[in-house]
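So you can see what is in the structure, the chains are spelled out below.
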Amino acid sequence: MSTRKPPAGSVTKAPPGLPYPLLENWSWQDDAACQDVNPELFFPAEAERGLRKHAREVLAKSLCGTCPVSRQCRDHAIVVGETYGVWGGTTEDERDHLATATG
Ligand code: SF4
C-alpha cells in the first residue's frame, strides 16, 4: 500500500475519463497495521505466479486480519477499482468477485 496520502479532508479530482470526482477521506490509513511493512508484501512482482504469489497473499491477508481498518481498506479498494494487490484482506480477483456480486 502506498504511504502517500493527500491532506485530511482534501478532495481528490478524478483522472480524465472517470465519470465523477472522488471524495476520499484517507484518515483510516493512520491506523493501518501495515504502516511499517514493506509494500512488496501486498503487491505481486511482475513475474510472480503460482505458489509464490499464493504464499505472499496468505501472509498479506494474515496481517490484514489483524488490521483495525481492514473494512475501510477493502471498501476503498472496491470503490476506486484497485486492480492490483491485497487490500483489506482481498486480492484483486476476490474484489472483482465482490464487485460483481454486489452489482
Ligand atoms: S487491511 Fe491490510 S492492506 Fe489494508 S491497511 Fe490494513 S494491513 Fe494494510
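Quick caveat, the model's predicted, so the values are computed rather than measured. (Residues numbered from 1 in each chain as written. Predicted model: local features only at pLDDT ≥ 70, side-chain atom pairs only at ≥ 80, totals over all residues. Heavy atoms only, no water.)

Chemist: Residues and numbers for the site of the ligand, please.
Modeler: Close contacts around the ligand come from ten residues, with Ala32, Cys34, Cys64, Cys67 and Cys73 the closest. Of the residues assigned to the shell around the ligand, the class counts are eight nonpolar, two polar and no charged. (Near = heavy atom within 4 Å. Nonpolar A, V, L, I, M, F, W, Y, C, P; charged D, E, K, R; others polar.)

Chemist: Describe in detail the UniProt feature "binding site: [4Fe-4S] cluster" (unreviewed entry) in the protein, supporting the description with residues and values.
Modeler: Taking the numbering used here, the UniProt-annotated feature "binding site: [4Fe-4S] cluster" (unreviewed entry) corresponds to Cys34, Cys64, Cys67 and Cys73. Across 40 residues, the annotated set stays spatially compact, with a maximum C-alpha separation of 11.2 Å. In this structure, Cys64 sits in helix 1 (residues 50-64). The exposure class of Cys64 is buried, given its relative accessible area of 10%. Residues contacting Cys64, with those up to four places away along its chain left out, are Phe42, Ser70, Val86, Gly88 and Gly89. As for its placement among the helices and strands, Cys73 is situated in helix 2 (residues 70-80). (UniProt positions renumbered as here; feature names shortened; annotations may be inferred. Helix = DSSP H or I, 4+ residues; strand = E, 2+ residues; numbered from the N terminus. Buried < 20%, exposed > 50% of the residue type's maximum accessible area, 1.4 Å probe, protein only. Contact = heavy atoms within 4.5 Å.)

Chemist: Account for helix 2, naming residues and giving values.
Modeler: Considered for burial, the residues of helix 2 that qualify are Ser70, Cys73, His76 and Ala77. Down the axis of helix 2, the buried side of the element spans an arc of 130°, and every buried residue falls inside it. Of the residues trailing helix 2, Gly81 is marked for its positive phi of about 70°. (Arc of directions from axis to C-beta.)

Chemist: Before we move on, could you go through the pattern of salt bridges and cite the residues and values that matter?
Modeler: Evaluated as defined, the whole model comprises seven salt bridges. For Lys61, the salt bridge goes to Glu94, with nearest N and O atoms at 2.7 Å. With a gap of 33 residues between them, Lys61 in helix 1 and Glu94 in helix 3 (residues 92-102) connect regions that are remote in the sequence. Judged by relative accessible area, Glu94 falls into the partly exposed class, the value being 32%. (Salt bridge = Lys/Arg side-chain N within 4 Å of Asp/Glu carboxyl O.)

Chemist: Tell me what's going on with the nonpolar core, and back it up with residues and numbers.
Modeler: Of all hydrophobic cores here, the largest spans 13 residues; its most connected members are Phe42, Val69, Val86 and Trp87. Contributions of two or more residues to this core are made by helix 1 and helix 2. (Core = buried A, V, L, I, M, F, W, Y, C linked by side-chain atoms within 4.5 Å.)

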